[in-house]
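Below, each chain spelled out in residue letters.
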Amino acid sequence: MKRLEAIKLLENEGWTKADASRALEGLDFNQAPDELAIRRAISLFAGSELYKRQRLQAAQKGMVTKKTRTIEEKDKENRVLIAEKSKLLEANNRLIDVNDQLKKDNKALKNLVDQIRLKITSDVKMLLRYEDSEIRRALMKWFKDTQG
């Protein structure tokens, strides 16, 4: 059997041309090997090649598993960070609302303090117009008014 015939035989059995050529490399076709000799030669190649391919495939599966785990961990971390970001945004919105309410309360309080100052100023002006005895009576009345 010639080399090309042996390759065709192997291709008909599902081998690729490259694998068939590699399997037949060590075989001397000058001696015109028969089909049995060809099958012995390819069985040695098929066993070692199969073992090598299985080891490569196992290594590739290991790498894929490792990458998949890494991706899953990163996804989990990402989901945690997104949840934390959402909570922080909600807290920030609540703080903004509270801050706005405090600003309103401060403005109202300032207005009350200004009204009190104005009332005290007008009362003191009025008291300064009275004579001594009248000032005492007016001060006592004013003191009672401020006590509620």
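Up top is the structure these notes are about.
Given the structure is predicted, the values throughout are model-derived calculations rather than measurements.

A. How the structure looks around a negative patch on the surface. Taken together, the side chains of E72, E73, D75 and E77 present a region of like negative charge at the surface. Secondary-structure assignment places E72 in helix α3 (residues 35-127).

B. Just the nonpolar core, in detail. Counting ten residues, the largest nonpolar core consists of A6, I7, L10, A20, A23, L24, F29, I38, I42 and F45. Taken together, the elements giving at least two residues each to this core come down to α1 (3-12), α2 (17-23) and α3. Once residues lying within four places of it in the same chain are set aside, the contact partners of L10 are W15, A20, L24 and I42.

C. Quick peek at the environment of E25. Within the secondary structure, E25 sits in the loop between α2 and α3. When its relative accessible area of 58% is taken as the criterion, E25 is described as exposed. When the C-alpha atoms of E25 and K66 are compared, they prove to be 37 Å apart, with 41 residues separating the residues in sequence.

D. Spotlight on the pattern of salt bridges. In the structure shown here, the tally under the stated rule is six salt bridges. With a shortest N-O distance of 2.4 Å, E13 and R39 are connected by a salt bridge. Here R39 lies in helix α3 and E13 lies in the loop between α1 and α2, a separation of 26 residues in the sequence. E13 gets classed as partly exposed once you look at its relative accessible area, which sits at 40%. Put simply, K110 and D114 hold a salt bridge, and the shortest N to O gap is 3.0 Å. Here K110 and its partner D114 are both found in helix α3, four residues apart, which amounts to about one turn of the helix. Of the residues examined, D114 reaches a relative accessible area of 32% and is grouped as partly exposed. Taken together, the salt bridges that share partners define one network made up of E13, E35 and R39.

Reading the values: rules and limits
- Residues numbered from 1 in each chain as written.
- Predicted model: local features only at pLDDT ≥ 70, side-chain atom pairs only at ≥ 80, totals over all residues.
- Heavy atoms only, no water.
- Patch = residues over 30% accessible without salt bridge, like charges linked within 9 Å, V, L, I, M, F, W, Y side chains within 5 Å.
- Areas by Shrake-Rupley, 256 points an atom, 1.4 Å probe, with all protein chains shown as cover.
- Salt bridge = Lys/Arg side-chain N within 4 Å of Asp/Glu carboxyl O.
- Lys, Arg positive; Asp, Glu negative; His and termini not counted.
- Charge placed at Lys NZ, Arg CZ, Asp CG, Glu CD.
- Helix = DSSP H or I, 4+ residues; strand = E, 2+ residues; numbered from the N terminus.
- Core = buried A, V, L, I, M, F, W, Y, C linked by side-chain atoms within 4.5 Å.
- Buried < 20%, exposed > 50% of the residue type's maximum accessible area, 1.4 Å probe, protein only.
- Contact = heavy atoms within 4.5 Å.

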